[in-house]
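Secondary and tertiary structure notes
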Amino acid sequence: MRPTPLPPSSDDACRVHADDVPASRLQLPAGAFDTLLDGLCARFPNVPRPVWLDRFARGRVQDVHGAPLDAAMAYRVGQEVRYFREVDDEPTVPFEERILHADAHLVVADKPHFLPVTPAGGHVRETLLARLVRRLGNPDLVPLHRIDRDTAGLVMFSACVDTRERYQSLFPRRRIVKVYEAVAPPIGGLAMPHVHRSRMGRGEPFFRMREVAGVANSETRIDVIERGAAHWRYRLEPVTGRKHQLRVHMAALGAPIAGDRTYPDIVPREAGDFSAPLQLLARSLSFVDPLTGNARMFESQRSLATITPDGEPSPAL
């Protein structure tokens, strides 16, 4: 297998520095620290103090307007700070993104498996956002929504600050139809199409989600596209947009998505292992453009595993 090449809480969370590394944002939590440096060292114990001092010296810690901050300044609870993550020996993701659409206001990219949308963990430059900034030369790019690193498919970006809010508003108002495709085991005894509703909450460890008792806050429409003996191809339409919603819902129905190493159980993956990708694809996005009033529809050019009459699904393309 070799794949082919939320709304953000604030623009500052995903704006990029001159060297195309996206900035992260932190609202300083409560704490009895004398200086900003002391607070950051406590908040990020895995980053040595000399590293923070070096970042301050190079202007890599800033206020929300991009002005460099002083390491010795007083720690103020609630202050918003921008900082730029840096990773030594960042691994390369050997698959290419595709740009399906780019104009002055909107960019639509077709993301490969394994590539994060924004900085996370050991990935800073090897992210979809940083790659697009380099390719398009536009530091104003901001993702309008996110998909997991393990998921392939469509991601929309705002390319212009002036029109960003109009595109962002489509998501909370549910004015965008998002359709996913997945390969998973058959779901027996359940009439299709099916609507799955549940209440989702934080799981353990921190990066997992789970279904909990209570009023439903998540909804997915599920249908079958193709049936095989061991696996089916599903059409998944998330009505809501909870973290890991599709993966949690499918696992809860007894049909965890093929290649899922988080649900229902955590299966560690070695660094540099790009085999057996999650068989989940953000297939299409449909909406009425808020600037023109025209209907727009984008579709991924990627493919998932082929369903065979017997046995395991064949490798994804």
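Residues numbered from 1 in each chain as written. Predicted model: local features only at pLDDT ≥ 70, side-chain atom pairs only at ≥ 80, totals over all residues. Heavy atoms only, no water.

1. So, a nonpolar patch on the surface
Together, F206, F207 and I266 give the surface a local cluster of nonpolar side chains, amounting to about 310 Å² of exposed area. Examined against the element boundaries, I266 turns out to sit in the loop between α5 (245-252) and β13 (280-288). (Patch = residues over 30% accessible without salt bridge, like charges linked within 9 Å, V, L, I, M, F, W, Y side chains within 5 Å. Areas by Shrake-Rupley, 256 points an atom, 1.4 Å probe, with all protein chains shown as cover. Salt bridge = Lys/Arg side-chain N within 4 Å of Asp/Glu carboxyl O. Helix = DSSP H or I, 4+ residues; strand = E, 2+ residues; numbered from the N terminus.)

2. A look at the nonpolar core
Residues L141, F157, Y234, L236, M250 and L280 are the most contacted members of the largest nonpolar core, which totals 33 residues. Of all the secondary-structure elements, those providing two or more residues to this core are β5 (106-111), α3 (128-136), β7 (152-158), β8 (176-184), β11 (218-227), β12 (232-238), α5 and β13. Non-local contacts of M250, meaning those with residues more than four positions away in its chain, are made with A184, I187, I222, Y234, L236, A255, P256 and I257. L40, A71, Y75 and Y83 belong to the second-largest nonpolar core, a separate cluster that totals 16 residues. (Core = buried A, V, L, I, M, F, W, Y, C linked by side-chain atoms within 4.5 Å. Buried < 20%, exposed > 50% of the residue type's maximum accessible area, 1.4 Å probe, protein only. Contact = heavy atoms within 4.5 Å.)

3. A short note on α5
Among the 8 residues in α5, 7 count as buried, and that is most of the element. Three or more residues of α5 are buried, namely Q245, L246, R247, V248, H249, M250 and A251. Where α5 is buried, its residues meet β8, β9 (194-202), β10 (209-212), β11, β12 and β13. G254 sits one or two positions beyond α5 and adopts a positive phi of about 85°.

4. Considering the environment of V61
Here V61 lies in strand β2 (residues 61-62). On the basis of relative accessible area, V61 is assigned to the buried category, the value being 0%.

5. Focus: the pairing of β9
Alignment of β9 against β11, held across 5 bridges, turns out to be antiparallel. If you follow H194 over to β11, its bridge partner there is I222. Sheet topology note: the β9/β10 ladder contains 4 bridges and is antiparallel. For R199, the partnering residue across the bridge sits in β10 and is V212. In textbook terms, the turn of a hairpin is the stretch between consecutive antiparallel strands, and for β9 and β10 this stretch comprises 6 residues. (Pairing = 2+ DSSP bridges.)

6. A short note on the packing of helix α1 (residues 36-43) against helix α2 (residues 49-57)
The N-to-C vectors of α1 and α2 enclose an angle of 130°; their axes lie 10 Å apart at closest approach. Judged by the angle between their axes, α1 and α2 are oblique. Both α1 and α2 take part in a crossing whose hand is right-handed. Where α1 abuts α2, its residues L36, L37, D38, L40 and C41 lie against R49, W52, L53 and F56. By residue class, the composition of the contact of α1 with α2 is 7 nonpolar, no polar and 2 charged. (Axes fitted to C-alpha atoms, helices over the stretch in contact; angles between N-to-C directions. Parallel < 35°, antiparallel > 145°, perpendicular 65-115°, else oblique. Left-handed = near helix turned anticlockwise from the far one by under 90°. Nonpolar A, V, L, I, M, F, W, Y, C, P; charged D, E, K, R; others polar.)

7. Focus on the pairing of β7
Counting buried positions over the 7 residues of β7 gives 7, a clear majority of the element. Relative to β7, β5 is paired through 6 bridges, and the arrangement is antiparallel. Counterpart to K111 in the pairing with β7 is G153. Pairing analysis gives 2 bridges linking strand β6 (residues 142-143) to β7, with the strands arranged antiparallel. Paired with P143 across the two strands is F157, which belongs to β7. Sheet topology places β7 next to β13; 2 bridges connect them, and they run parallel. Bridge pairing in β13 places G153 opposite A282.

8. Points about the confidence of the model for the protein
In this model, the protein carries an average pLDDT of 89, and 88% of its residues clear a pLDDT of 70 or more. Segment residues 1-18: pLDDT under 50, and 72 contacts once partners within four positions in sequence are set aside and those in other chains are kept. (pLDDT = per-residue confidence, 0-100.)

9. Some remarks on the side chain of R296
Structurally, the position occupied by R296 is in strand β14 (residues 295-299). One polar contact links R296 to D289, side chain to side chain, over a distance of 2.7 Å. (Polar contact = N/O pair within 3.5 Å; in protein donor to acceptor, adjacent residues only side chain to side chain.)

10. So, unusual backbone geometry
The linkage connecting E204 with the following residue, P205, adopts the cis geometry, with an omega of -5°. Looking at where P205 falls in the secondary structure, it is placed in the loop between β9 and β10. Going from Y263 to P264, the amide bond is cis rather than trans, its omega being 0°. The topology assignment puts P264 in the loop between α5 and β13. The phi dihedral of H244 is positive, around 60°, even though this residue is not glycine. Checked against the element boundaries, H244 lands in the loop between β12 and α5. Assessed through its relative accessible area of 12%, H244 is described here as buried.

11. What about the packing of aromatic side chains?
Enumeration over the complete set of coordinates arrives at 10 aromatic pairs. Pairing F95 with F114 gives two aromatic rings, centres 6.0 Å apart and planes at 35°, and the pair type is tilted. Note that F95 is positioned in the loop between β3 (80-84) and β4 (98-102) and F114 in the loop between β5 and α3, a separation of 19 residues in sequence. Here F95 falls in the buried class, since its relative accessible area comes to 2%. One aromatic cluster in this structure is built from F44, W52 and Y83. Stacked on the ring of F44, the Lys or Arg R43 has its end atom at 4.9 Å from the ring centre. When the ring centre of W232 is taken as reference, the NZ or CZ atom of R227 above it lies at 4.4 Å. (Phe/Tyr/Trp six-rings, centres within 6.5 Å; stacked < 30°, edge-to-face > 60°. Lys NZ or Arg CZ within 6 Å of the ring centre and 35° of its normal.)

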